[in-house]
Amino acid sequence: MDPAVRVAIERSFLAQLPGAALERLIGGAVLDEVPAGTTTYRAGGAPRVSLIVSGLFRTYLAGPDGRQVTIRYARAGDVLGVMTALGGPAPLYAQALTDSMRLRIDRDTLRELAQADRAVALAVIAELTATVHSLWQEMAATAFATVPQRVARHLLEIAARAQEAAGGVLVAHVSQQDLADLAGSVREVVARALRELRDERVVRVTRSGISVLDATALAARAWPRDLGQ
């Protein structure tokens, strides 16, 4: 087994599966590379389950006017699509923000294992519970996020939309005043938040836009996993 895959499994809920069940599930899985900017799932698409081995993904909802809202950032050890394995197609999108690797797991095999093995079913339930908790965190973050967190969130979302349309690196073509308006703050506060991100080499600010140098670090700012704990 690829060492990176092994580490990702150990970080995921799959580590809770009985050995025989895990071996069967991984035996039929496919490891593939995903270039940055690739949309790996579209709303209403065929259900699929993927273990993130490396890189950074986001899942988001899209409104009829084209606006997007990110509901989750997924890193190595996270599993995307578990809910679709049991509940059918989802009304959301998934996109790789960086060059990534994922292990595509056969959803039918996962369903069969969950139906036949109580330990597998309990592990899946625990993962679904964790997903619900992360959505609660997102709701809290939306309501209570600090200005720097809102700036990080909007930077990633704007850069991700541009990347999805044109490919290449993550660049947010947005002014500091526009960011201030989106974050519900003033330009001076946003400028200070950007300086901190620039000094820590998370972003680079130029006349043509704000380049994201470390998408994982920026996502950590926008998605505080320990919110409320």
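Above this text you will find the structure in question.
Residues numbered from 1 in each chain as written. Predicted model: local features only at pLDDT ≥ 70, side-chain atom pairs only at ≥ 80, totals over all residues. Heavy atoms only, no water.

Chemist: Before we go on, may I ask you to explain the sheet that holds strand S5 (residues 68-74) in this structure?
Modeler: The strands that make up a sheet pair up through hydrogen bonds in the backbone, lying either parallel or antiparallel. In spatial order, the strands read S2-S7-S4-S5; together these four strands make up an open sheet with antiparallel pairing. Two strands bound the open sheet, and with one partner strand each, they are strand S2 (39-41) and S5. For this sheet the average axis-to-axis angle between neighbouring strands, irrespective of direction, equals 35 degrees. Bridge count for strand S4 (residues 57-62) against S5 is six bridges, and the pairing is antiparallel. Paired with Ala62 across the two strands is Gln68, which belongs to S5. (Pairing = 2+ DSSP bridges. Helix = DSSP H or I, 4+ residues; strand = E, 2+ residues; numbered from the N terminus. Axes fitted to C-alpha atoms, helices over the stretch in contact; angles between N-to-C directions.)

Chemist: I tried to follow the pattern of salt bridges on my own but got confused; where do I start?
Modeler: Side chains that differ in sign of charge can pair as their charged atoms come close. Here the structure, examined in full by the defined rule, presents six salt bridges. In this structure, the salt-bridge partner of Arg24 is Glu112, at a minimum N-O distance of 2.7 Å. Residue Arg24 is found in helix H2 (residues 19-27), and its partner Glu112 is found in helix H4 (residues 107-116); the two are separated by 88 residues along the sequence. For Arg24, a relative accessible area of 44% puts it in the partly exposed group. The class of Glu112 is partly exposed, set by a relative accessible area of 40%. Ionic contacts of the salt-bridge type, sharing partners, join the residues Asp32, Arg102 and Arg104 into one network. (Salt bridge = Lys/Arg side-chain N within 4 Å of Asp/Glu carboxyl O. Buried < 20%, exposed > 50% of the residue type's maximum accessible area, 1.4 Å probe, protein only.)

Chemist: Quick question: what am I supposed to make of the nonpolar core here?
Modeler: Note on soluble globular proteins: their nonpolar side chains tend to be buried together. Among the nonpolar cores identified, the biggest contains 29 residues, and Val151, Leu155, Leu179, Leu194, Ile210 and Leu218 are the most heavily contacted of them. Secondary structure elements with two or more residues in this core: helix H6 (147-166), helix H7 (176-183), helix H8 (187-199), strand S11 (209-212) and helix H9 (215-222). For this core, the element with the highest residue contribution is H6, accounting for eight residues. Those residues within four positions of Leu218 in sequence are excluded, and the remaining contacts are Ala152, Leu155, Leu156, Leu197, Val202 and Val212. In terms of nonpolar packing, the next biggest core, distinct from the first, is built from 25 residues, Ala8, Leu25, Val82 and Leu113 among them. (Core = buried A, V, L, I, M, F, W, Y, C linked by side-chain atoms within 4.5 Å. Contact = heavy atoms within 4.5 Å.)

Chemist: When you look at H6 in this model, what are you seeing that I'm missing?
Modeler: Helical periodicity: at 3.6 residues per turn, an α-helix aligns residues three or four positions apart in one direction. Look at H6: 28 Å from first C-alpha to last across 20 residues, which is about the 28 Å you get at 1.5 Å a residue. Positive phi shows up at Gly167, right after H6, with a value of about 75 degrees. (Expected span 1.5 Å × (residues − 1).)

Chemist: What am I meant to see in the packing of H6 against H7 here?
Modeler: Two packed helices can be described by the angle between their axes and the distance between those axes. At a closest axis distance of 9 Å, the pairing of H6 and H7 adopts a crossing angle of 115 degrees. Pair H6 / H7 crosses with right-handed handedness. Residues Arg150, Val151, His154, Leu155 and Ile158 of H6 form the contact with H7, whose participating residues are Leu179, Leu182 and Ala183. Residue classes in the contact of H6 with H7 are distributed as six nonpolar, one polar and one charged. (Left-handed = near helix turned anticlockwise from the far one by under 90°. Nonpolar A, V, L, I, M, F, W, Y, C, P; charged D, E, K, R; others polar.)

Chemist: Can you help me understand unusual backbone geometry in this one?
Modeler: Despite not being glycine, Arg201 shows a phi value in the positive range, around 60 degrees. You can see Arg201 is positioned in the loop between H8 and strand S10 (203-206).

Chemist: I'm lost on the sheet that holds S10 in this one. Help?
Modeler: The strand order S9-S11-S10 describes an open sheet built from three strands, whose pairing is antiparallel. Each end of this open sheet is capped by a strand with a single partner; those strands are strand S9 (171-172) and S10. Sheet topology places S9 next to S11; two bridges connect them, and they run antiparallel. Bridge pairing in S11 links Ala172 to Ile210.

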